[in-house]
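Each chain, letter by letter, is given below.
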Amino acid sequence: MTHYAYQTGRETLELEVDYVVVGSGAGGGSAAVTLARGGASVAVVEAGAWRDPEDYPYTLYGAFRDLFDEWGSSVTMGRALSPVLQARTMGGTTVINSAIVVRTPGDIFQLWKDQVGLDDPDMPETIWTYQDQIERELSVCPVPTESMGRSNVLALQAAENLGIEGHVIERSVKGCLGQAQCLQGCRAGRKQSTNVTWIPEVRRRGGTVLSCAPVRRLMHTQGRVQGVEGHFVHPQTRKKGSRFQVRARRAVIVAASVTHSPMILWRSGLKTPALGKGFRAHPGTATLGSFDDPVDMTVGATQGMASTHFRNDPGLKLETLNMPLELIAGRLAGAGKTLMDRVQNYRNLALWVAAVRAQSVGTIRPGIGGKPQVFYTMNKADMLRLRQGSIQLAHLFFAVGAKAIMPGVHGLPYALGPDQIHLLENASLDPRAWTSILTHLFGGCTMGAEAGKSVCDFDGKVHGTEGLYVADASIIPSVLGVNPQHTIMALSRRIATRLMERNL
Ligand SMILES: Cc1cc2nc3c(=O)[nH]c(=O)nc-3n(C[C@H](O)[C@H](O)[C@H](O)COP(=O)(O)OP(=O)(O)OC[C@H]3O[C@@H](n4cnc5c(N)ncnc54)[C@H](O)[C@@H]3O)c2cc1C
Ligand code: SF4
């Protein structure tokens, strides 16, 4: 029932509940609501502020300031500096994502069996059963025809023209207005992010929520974790407020994201050999297509068409992505009149992306000021996949009459015509030549059978500890080749359910 937001004063806020859930995104939201429905007392401790949809900022600048982790400025260290995007707000990255919902493919469970010793034959059925429930709870449905917008329709037509699989995306959105604003938070409140669904339900069921409350460390003695502590932080000034300590009678469930969950364990002195290892991602690159007549990217669902045709070979997912002018402008090269001409052409542009099912592996370590730092470089095989993705996007664009494409690759002309795809085929494989972004992240607290090679077991229990569980994307020991939030939510529901079944 109670919501503790930023507060100042010398007194420590002290609370005690059955379960403390750290983070309120895909993993944390799912765990918290599952525990609350089971009758447990739950406290959700979230670093970001609580914002209702009508309070989301109008501008992209405001979204980076108020909703994104570190203003969206985190980048990988490695051969290239690729942005690593996550949210820091009540609802986590579900607030700023495109709400695409894809079931965990069956081959993933086989992969986990072969590579990290998954020994639960019931896992696939359990996960799919939870995904049935989640789809009902979050109103998952295909993008309605009236909200598609021209870019999504063009991409579907392009896939059909080329004879490759292409489909209308399913999303957790109720009554989409097609305002292409998902990445800034859906001000219309249509997207079913956890801050408008499960976290309010946790509160209705008597749960407690702390916002602006980044957990600094876990309280523990002799491997038994008893709670969490930290200081409130003002969402705008970043000024430190009162201290808080939330004790857990049963368990602490860490779900603070791929980069932050390992750091919480690290700061708490619970460093194990695998902590921060096994970082993986679906690096994505975007190509602009220019048409003779308006496409109007800001009309239509942010993402409405996808193709999994190349998921296994070479390992790609193709999608549309409607983006606001502020973001697109960064991709329009030139200055003065040239730039203005290109900006004027915005209405005629469409943006489509290729996300790589990458095999490259990185690590997460404490960086400057103790903030998480991702070390990651795409290997040559993944760069070949990325280039292949860009080539497929070019074929799609030209299959529906685009006049030119802008792949954004250093060393190539700014715009390529239909007879210049060979230039893309020979584009540099140096990661620094490409514009790629990491939004689907995995690992850092990976699950596995062997304690030396993983951080937690398949129930999310951190090896060598009592009362400590991880339930977010950081436990996933591979890439998925599909959008991850459904898998994260279902895994988290499984972890919370099994915790309660054992009455822990
Ligand atoms: C732009 C973008 C678009 C995406 N689109 C899709 C999509 O359409 N479909 C899809 O399946 N996936 C999508 N994803 C990925 C998906 O949203 C994430 O994989 C998923 O939300 C990760 O869940 P999580 O619980 O691990 O972390 P998050 O959802 O990021 O939640 C972590 C939470 O922990 C909080 N936190 C961090 N540190 C602390 C701390 N010290 N103390 C307390 N709280 C803390 C954060 O503020 C955050 O609220 C997208 C991602 C991005 C960036
Ligand atoms: S496309 Fe617009 S209306 Fe639809 S879910 Fe996204 S932000 Fe909301």
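Calculation rules
Residues numbered from 1 in each chain as written. Chains lettered and ligands numbered in written order. Predicted model: local features only at pLDDT ≥ 70, side-chain atom pairs only at ≥ 80, totals over all residues. Heavy atoms only, no water. Helix = DSSP H or I, 4+ residues; strand = E, 2+ residues; numbered from the N terminus. Expected span 1.5 Å × (residues − 1). Buried < 20%, exposed > 50% of the residue type's maximum accessible area, 1.4 Å probe, protein only. Near = heavy atom within 4 Å. 1 Å grid on protein atoms, 1.4 Å probe; cavity = no way out; pocket = protein on both sides within 12 Å on 5 of 7 lines; lining within 4 Å. Sits in = over half its atoms within 2 Å of the grid points. Nonpolar A, V, L, I, M, F, W, Y, C, P; charged D, E, K, R; others polar. Core = buried A, V, L, I, M, F, W, Y, C linked by side-chain atoms within 4.5 Å. Domains from an automatic or database assignment. Contact = heavy atoms within 4.5 Å. Buried area = accessible area lost by both parts, 1.4 Å probe. Salt bridge = Lys/Arg side-chain N within 4 Å of Asp/Glu carboxyl O. Polar contact = N/O pair within 3.5 Å; in protein donor to acceptor, adjacent residues only side chain to side chain. Areas by Shrake-Rupley, 256 points an atom, 1.4 Å probe, with all protein chains shown as cover. Lys, Arg positive; Asp, Glu negative; His and termini not counted. Points joined across faces, edges and corners; volume = space filled by probe spheres on them.

Participant: I would appreciate a short explanation of helix α1 (residues 26-37) in the present structure.
Facilitator: One turn of an α-helix holds 3.6 residues; hence residues three or four places apart share an orientation. With twelve residues, α1 should cover 16 Å at 1.5 Å per step; its first-to-last C-alpha distance of 17 Å lies within 8% of that length. Summarising burial for α1: eleven of the twelve residues are buried, a large majority. A26, G27, G28, G29, S30, A31, A32, V33, T34, L35 and A36 are the residues of α1 that are buried. One or two steps after α1, the chain reaches G39, where phi turns positive at roughly 95 degrees.

Participant: It is not clear to me how the site of ligand 2 should be interpreted in this structure. Could you clarify?
Facilitator: Neighbouring residues of ligand 2: V173, C176, L177, G178, Q179, A180, Q181, C182, C186, A301 and T302. In this structure the site holding ligand 2 corresponds to the largest cavity. When the residues that make up the shell around ligand 2 are grouped by side-chain class, the tally is seven nonpolar, four polar and no charged.

Participant: Explanation requested: the nonpolar core in the structure shown.
Facilitator: Taken as a class, soluble globular proteins show a tendency for nonpolar side chains to be buried jointly. Residues L210, L218, V228, F244, V246, V252 and W352 are the most contacted members of the largest nonpolar core, which totals 127 residues. No other element matches helix α10 (residues 380-399), which puts eight residues into this core. Counting residues domain by domain, this core receives three or more from each of domain 1 (3-51 + 89-97 + 102-137 + 193-273 + 445-501) and domain 2 (142-183 + 279-438). With residues up to four places along the chain from it excluded, the contact list for V252 reads V20, V22, L218, V225, G227, V228, G467, L468 and Y469. Ranked by size, the runner-up nonpolar core spans 13 residues in total, among them L332, L349, L351 and V353.

Participant: Help me understand the domain arrangement of the protein, please; the structure alone is not making it clear to me.
Facilitator: Reports often express the size of an interface as the amount of accessible area lost when the parts come together. Domain annotation for the protein reports domain 1 (3-51 + 89-97 + 102-137 + 193-273 + 445-501) and domain 2 (142-183 + 279-438). Computed from C-alpha coordinates alone, the two centres of domain 1 and domain 2 are separated by 31 Å. Taken together, the contact between domain 1 and domain 2 spans 22 residues of the former and 20 residues of the latter. Here domain 1 packs against domain 2, burying approximately 1600 Å² in sum over the two surfaces, 58% of which is carbon and sulfur. Ranking the residues of domain 1 by area buried against domain 2 places M263, V479 and G481 at the top, with a combined share of 32%. At the junction of domain 1 and domain 2, the tally comes to one salt bridge. With its nearest N and O atoms 2.8 Å apart, the salt bridge here joins D107 to R311. Along the contact surface separating domain 1 from domain 2 lie seven residue pairs in polar contact (both at pLDDT 80 or more). Elements with a minimum of two residues in the side of domain 1 that touches domain 2: α3 (106-116) and α7 (260-267).

Participant: Just checking my understanding: could you explain the site of ligand 1 for this structure?
Facilitator: Lining the immediate surroundings of ligand 1 are 38 residues, of which G27, E46, T93, V215 and Q485 lie closest. In the environment of ligand 1, an oxygen atom lies 3.2 Å from a nitrogen or oxygen atom belonging to the backbone of A99. The contact in question runs from an oxygen atom of ligand 1 to an N or O atom on the backbone of P484, over 3.2 Å. Its free accessible area being 1000 Å², ligand 1 has 96% of it covered by the protein chains. Of all elements in the fold, only α1, α7, β18 (436-442) and α12 (485-501) reach the threshold of two or more residues within the shell around ligand 1. Ranked by residue count, the leading element in the shell around ligand 1 is α7, at three residues. Its residues placed into classes, the shell around ligand 1 shows 19 nonpolar, 15 polar and four charged.

Participant: Is there a simple way to think about the side chain of R387 in this case?
Facilitator: Relative to the elements of secondary structure, R387 occurs in helix α10. Although R387 is buried, it makes no salt bridge; E425 carries the closest opposite charge, 8.5 Å away. For R387, the side chain forms a polar contact with the main-chain oxygen of E425, separated by 3.4 Å. Excluding residues that lie within four positions of it along the chain, R387 makes contacts with L424, E425, N426, A427, L429 and W434.

Participant: In this structure, what is going on with unusual backbone geometry? I would like to understand it.
Facilitator: Phi is mostly negative for residues that are not glycine, and the peptide bonds are mostly trans. Note the cis peptide between D313 and P314, where omega equals 10 degrees. Structurally, the position occupied by P314 is in the loop between β12 (305-307) and β13 (316-320). A positive phi is found at W71, a non-glycine position, where the angle reads about 55 degrees. The residue A180 is not glycine, and still its phi comes out positive at about 50 degrees.

Participant: Even after reading the chapter, I still don't get the layout of surface pockets, so can you show me in this structure?
Facilitator: Over the atoms, a rolling probe the size of a water molecule traces out where space has been left empty. Considering only enclosed or pocket space, the second largest pocket measures out at about 320 Å³ in volume. Taken together, 17 residues form the lining of the second largest pocket, with S74, V75, K371, P372 and Q373 sitting closest to its centre. In terms of residue count, the dominant contributor to the lining of the second largest pocket is strand β16 (residues 372-375) (three residues). Among the residues making up the lining of the second largest pocket, the classes are represented as six nonpolar, eight polar and three charged.

Participant: Could you clarify how one ought to interpret helix α5 (residues 149-162) in this entry?
Facilitator: For α5, which comprises 14 residues, the first-to-last C-alpha distance of 21 Å matches the rise-based estimate of 20 Å (1.5 Å per residue) to within 8%. Taken together, the buried residues of α5 touch β12, β13, β14 (349-356) and α10. G163, located one to two residues past α5, shows a positive phi value of around 75 degrees.

Participant: Would you mind showing me how to read empty space enclosed by the protein here?
Facilitator: If you walk through the whole model with that rule in mind, you get three cavities of 30 Å³ or more. Space inside the largest cavity adds up to approximately 110 Å³. If you trace the largest cavity, you find 16 residues lining it, with C176, L177, G178, Q179 and C186 closest to the centre. Of the voids in this model, the second largest cavity is the one considered here, and its volume is about 80 Å³. If you go around the second largest cavity, you meet 13 residues; those closest to its centre are A80, S82, M378, P431 and S436. Looking at side-chain class alone, the lining of the second largest cavity contains eight nonpolar, four polar and one charged residues.

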